[in-house]
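Each chain is listed here by its residues.
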Amino acid sequence: MTERTFEQNLAELEQIVNRLEQGDVSLEDSLQQFQRGMSLSKQLQDTLTQAETTFTKMVNDNGQEVPFSEEL
């Protein structure tokens, strides 16, 4: 099974939100959709946190990772 991209997860979350906002789904389906949405939200947040960590680090001349704000 191929891992889904950030964009795919975000699009699915947007679809879930739209369906729930319309209010024409059963209570059981609403609960399932809400749980799926929460799971997607956590995955998206984790991806953003990892990206932030990666983008705020640089590698200095010695090959060591240092915060972006430090002098190389």
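The structure this text deals with has already been given above.
Criteria and thresholds
Residues numbered from 1 in each chain as written. Predicted model: local features only at pLDDT ≥ 70, side-chain atom pairs only at ≥ 80, totals over all residues. Heavy atoms only, no water. Salt bridge = Lys/Arg side-chain N within 4 Å of Asp/Glu carboxyl O. Buried < 20%, exposed > 50% of the residue type's maximum accessible area, 1.4 Å probe, protein only. Axes fitted to C-alpha atoms, helices over the stretch in contact; angles between N-to-C directions. Helix = DSSP H or I, 4+ residues; strand = E, 2+ residues; numbered from the N terminus. Left-handed = near helix turned anticlockwise from the far one by under 90°. Contact = heavy atoms within 4.5 Å. Nonpolar A, V, L, I, M, F, W, Y, C, P; charged D, E, K, R; others polar.

### Thoughts on the pattern of salt bridges
Consideration 1: Counted under the stated rule, the structure contains 3 salt bridges.
Consideration 2: Residue R4 is joined to E12 by a salt bridge in which the shortest nitrogen-to-oxygen separation is 2.8 Å.
Consideration 3: Overall, R4 belongs to the partly exposed group, its relative accessible area being 36%.
Consideration 4: For E12, the salt bridge identified is with R36, shortest N-O distance 2.9 Å.

### Here's the deal with the packing of helix α1 (residues 6-22) against helix α2 (residues 27-55)
Consideration 1: The geometry of α1 relative to α2 is characterised by a closest axis approach of 9 Å and an angle of 145° between their N-to-C directions. For the crossing formed where α1 meets α2, the hand is left-handed. In this structure, α1 contributes F6, N9, L10, E12, L13, I16, R19 and L20 to the contact, and α2 contributes S30, Q33, F34, R36, G37, L40, S41, Q43, L44, T47 and L48.
Consideration 2: Looking at the contact of α1 with α2 residue by residue, the class counts come to 9 nonpolar, 7 polar and 3 charged.

Spatial relationships are all this shows, so hold off on functional conclusions.
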